[in-house]
Amino acid sequence: MKSSPAMPIGDLAAMFGLAPHVLRHWEHLGLLTPERSAGGRRVFGPGDVTRVGMILLAKEAGLSLDQVRRLLTDGNRDMRGELYREHGERLRQRIAAAESALAMIEHAAGCDADELTACPHLQAKVAGLVGGLDVRGGAHPPGVGDQLRQPFE
């Protein structure tokens, strides 16, 4: 990505497909600190281009703007590592939940039960939602509620 030595806010925003107000908001949050021209206008340089790109990548990875600010302004190596490890664990949990949901959907799409509510696999998942009570009147063994967090089989 080629950039001029100094560009106005509209050019930098357009480079990333953003509205200029987004960059002003990020400046307000302390994520960007553009230079000012003699007339007081914001002027962005190559370092700002890199910083905006890093902010967008961090947001794409699911980091909040507050986390991004901490990483860019307060972050020493240890703090960054801890923040990334914690966020990585949350992502792994979300991925596991998404994989379980996908398996459930794929099972339901090919289920041989005459009616979706008659599927024993889906009934077990529903039973987990209602605290281990068998939706047909009985009780499941202890731990059935954990099925919601287990991969769908």
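Student: Explain the pattern of salt bridges here, please?
Tutor: Pairs can form between side chains of opposite charge whenever their charged atoms are close. In total, this model carries 6 salt bridges according to the counting rule given. Of the charged contacts in the structure, one is a salt bridge between E27 and R42, with a shortest N-O distance of 2.4 Å. With a gap of 15 residues between them, E27 in helix α2 (residues 20-28) and R42 in strand β2 (residues 42-43) connect regions that are remote in the sequence. D74 is paired through a salt bridge with R69; the nearest N and O atoms lie 3.2 Å apart. For R69, a relative accessible area of 23% translates into the label partly exposed. Counted as one network, the salt bridges with shared partners bring together E27, R36 and R42.

Student: What exactly am I supposed to notice about the packing of helix α1 (residues 9-16) against α2 here?
Tutor: The geometry of α1 relative to α2 is characterised by a closest axis approach of 8 Å and an angle of 105° between their N-to-C directions. Judged by the angle between their axes, α1 and α2 are roughly perpendicular. Of the residues in α2, those in contact with I9, G10, L12 and A13 of α1 are P20, L23 and R24.

What counts as what
Residues numbered from 1 in each chain as written. Predicted model: local features only at pLDDT ≥ 70, side-chain atom pairs only at ≥ 80, totals over all residues. Heavy atoms only, no water. Salt bridge = Lys/Arg side-chain N within 4 Å of Asp/Glu carboxyl O. Helix = DSSP H or I, 4+ residues; strand = E, 2+ residues; numbered from the N terminus. Buried < 20%, exposed > 50% of the residue type's maximum accessible area, 1.4 Å probe, protein only. Axes fitted to C-alpha atoms, helices over the stretch in contact; angles between N-to-C directions. Parallel < 35°, antiparallel > 145°, perpendicular 65-115°, else oblique. Contact = heavy atoms within 4.5 Å.

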